[in-house]
Amino acid sequence: GKKELNIILVKEAGNILAIAPFIKVKARWRWLPIRNTNILKNFNSPSFDIILTEKEEECIEAIFNYIEKEEWDFIDFGNISSQSRALKLLEGLADKGLFWLHKGKEPRMSPFVLIKGRWEDYYNTLSMGLRRHIRKSEKKLMTLGDVTIMRIKNYCEVDKFLERFFRVEASGWKGKTGTSILESREQKGLYTDLAHFAAEKGWLNISFLKLNDKEIAGRYTLEYKNIITSFKSGYDEDYSKCSPGALLLKRLLENAFSNCMVEYNFLGSYRGWGKRNMGEMAKDNSVWKNKWTDNRKILIPTKVYRKNIYPWIIYQLRRLKETLSIP
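Residues numbered from 1 in each chain as written. Predicted model: local features only at pLDDT ≥ 70, side-chain atom pairs only at ≥ 80, totals over all residues. Heavy atoms only, no water.

A.B. asks: Honestly, the overall build of the protein chain in this entry has me stumped. Any pointers?
C.D. replies: Scanning the protein chain from terminus to terminus reveals 10 helices and 14 strands. A compact globule built from 327 residues would reach a C-alpha radius of gyration of about 20 Å, and the protein chain, at 22 Å, matches this within 12%. Each principal axis of the C-alpha atoms in the protein chain carries an extent, and together these give about 70 × 50 × 40 Å. Out of the 327 residues in the protein chain, the part that is buried amounts to 46%. A sequence separation of at least 24 residues applies to 71% of the contacts in the protein chain between residues at least 6 apart. Carbon and sulfur atoms make up 52% of the accessible area of the protein chain, which amounts to about 17,800 Å² in all. (Helix = DSSP H or I, 4+ residues; strand = E, 2+ residues; numbered from the N terminus. Rg over C-alpha atoms; globule rule 2.2 N^0.38 Å. Buried < 20%, exposed > 50% of the residue type's maximum accessible area, 1.4 Å probe, protein only. Contact = heavy atoms within 4.5 Å. Areas by Shrake-Rupley, 256 points an atom, 1.4 Å probe, with all protein chains shown as cover.)

Structure follows, in structure tokens:
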């Protein structure tokens, strides 16, 4: 349907207190025409939160007082962390009767490593099978040549090493299935612009595992307030028997412990544990993340519905669909 960008800023004395980026969409759900407002996101955005700096409750109310004047049936916030201050404030506004709040019954899970204590202690919590696999892979790779880690933070070299990362990412299954960054002009533009912005701020970290002079695995991460967020990764499948992706991750996590980081966030999401969802996890190409951590961020699919009869009908139909597990 037709889309219209709508970014709401809450200001006080010229200072921005909150930002809520929305996309207004006219579309259809099933056979029903709908006017929904979505948070600005896509498949590269596994979770979302409203940007709140201070006076959070007043800002959320101001945002919805403004939105109330516009035409919409429901607002899709995507997946919001269960610990989000914005989610708690939305629940408070729903209790006041401003709208109907619907939280999905099947939360999503997003794994992360808590960087706490010594690297050795964390590493020993990993399964014996994973540690054995890493040892064998390291020995196998070192028989092929000189193995090194290269980390790029220099703003002047961003474009050169971005292209190298894109090539590494496309050399594996993502390239074969047409899902690599290089296969999408929009994705390439997004990750290029983000890299330039983050490099200027000192947040960007592109890392490679090199065999002799060749990059055989890469990771695109941002480091902000001692939290590492991993956006993209890839490896050359010609070396898959040596597990270069796992070896690079091991080195980066070890470095995170050495540099007193607080969290390594894998991003991505899958449905919660349960027999119904084990099939999804088995098909999920990111299921390997669970081998590195038992920590999960709970992400809750969240929507709010306007208090009118037509949105109420959509709201009830969606609840029925979820109850009956209709796809």
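A.B. asks: Looking at this structure, how should I read the nonpolar core?
C.D. replies: Proteins that are soluble and globular tend to have nonpolar side chains buried together. With 29 residues, the main nonpolar core has F22, I50, I63, F64 and F77 as its most contacted residues. Of all the secondary-structure elements, those providing two or more residues to this core are β1 (2-12), β2 (15-29), α1 (56-67), β5 (74-81), α2 (85-95) and β14 (296-305). The leading source of residues in this core is α2, at 6 residues. If we skip the residues at most four places from it in the chain, F77 touches F22, I39, K41, F48, I50, F64, L90, T302 and V304. Counting 28 residues, the second-largest nonpolar core is a separate cluster that includes I216, Y239, L247 and Y264. (Core = buried A, V, L, I, M, F, W, Y, C linked by side-chain atoms within 4.5 Å.)

A.B. asks: Which parts of the structure should I look at to understand the layout of surface pockets?
C.D. replies: To find leftover empty space, a probe the size of one water molecule is rolled over the atoms. Taken as a whole, the largest pocket holds about 1,600 Å³ of empty space. Forming the walls of the largest pocket are 35 residues, and the residues nearest its centre are S47, F48, D49, T229 and F231. Secondary structure elements with two or more residues in the lining of the largest pocket: β2, α7 (185-201), β10 (214-224), β11 (227-235), β12 (263-265) and β14. Residue composition of the lining of the largest pocket, grouped by class: 19 nonpolar, 10 polar and 6 charged. (1 Å grid on protein atoms, 1.4 Å probe; cavity = no way out; pocket = protein on both sides within 12 Å on 5 of 7 lines; lining within 4 Å. Points joined across faces, edges and corners; volume = space filled by probe spheres on them. Nonpolar A, V, L, I, M, F, W, Y, C, P; charged D, E, K, R; others polar.)

A.B. asks: Any chance you could explain α1 here in plain terms?
C.D. replies: Given 3.6 residues to a turn, an α-helix orients residues that are three or four positions apart in the same direction. An ideal rise of 1.5 Å per residue puts 16 Å on 12 residues; α1 measures up with 17 Å between its terminal C-alpha atoms. Listing the buried residues of α1 in full gives C59, I60, I63, F64 and I67. Projected down its long axis, α1 carries its buried residues within an arc of 130 degrees, all on one side. (Expected span 1.5 Å × (residues − 1). Arc of directions from axis to C-beta.)

A.B. asks: Would you mind showing me how to read the confidence of the model for the protein chain here?
C.D. replies: Across the protein chain, pLDDT averages 86, with 91% of residues at or above 70. Across the protein chain, the secondary-structure element scoring lowest on mean pLDDT is helix α9 (residues 278-283), at 39, and the one scoring highest is helix α3 (residues 119-123), at 97. Counting contacts from residues 273-285, a segment whose pLDDT is below 50, to residues more than four positions away or on other chains yields 17 contacts. (pLDDT = per-residue confidence, 0-100.)

A.B. asks: Could you clarify how one ought to interpret empty space enclosed by the protein in this entry?
C.D. replies: Counted by the stated rule, this structure contains 3 cavities of 30 Å³ or more. Considered as a void within the structure, the largest cavity measures approximately 50 Å³ in volume. Lining the largest cavity are R151, N205, S207, T221, E223, I228, L252, N255 and Y264. Those elements giving two or more residues to the lining of the largest cavity turn out to be β9 (204-211), β10 and α8 (244-258).

A.B. asks: Explain the environment of Q316 to me, please; I cannot follow it from the model alone.
C.D. replies: Within the secondary structure layout, Q316 lies in helix α10 (residues 309-323). Q316 sits in the partly exposed class, given a relative accessible area of 27%. Along the primary structure Q316 and L98 are separated by 218 residues, whereas in three dimensions their C-alpha atoms are 17 Å apart.

A.B. asks: When you look at the pattern of salt bridges in this model, what are you seeing that I'm missing?
C.D. replies: Any two side chains of opposite charge can pair, so long as their charged atoms come close to each other. Throughout the structure, instances matching the rule amount to 19 salt bridges. Note that E61 is salt-bridged to K96, the shortest N-O span being 3.0 Å. Of this pair, E61 sits in helix α1 while K96 sits in the loop between α2 and β6 (100-103); the two residues are 35 residues apart in sequence, bridging distant segments of the chain. By relative accessible area, which is 25% here, E61 ends up partly exposed. A relative accessible area of 51% places K96 in the exposed class. Linked through salt bridges whose partners overlap, the residues forming this network are E4, K24 and E70. (Salt bridge = Lys/Arg side-chain N within 4 Å of Asp/Glu carboxyl O.)

A.B. asks: Would you take a moment to explain the environment of A246 for this structure?
C.D. replies: With respect to the secondary-structure elements, A246 resides in helix α8. Exposure remark for A246: the relative accessible area of 22% places this residue in the partly exposed category. Remark: the alpha-carbon pair of A246 and S137, spanning 109 residues in sequence, is separated by 9.0 Å.

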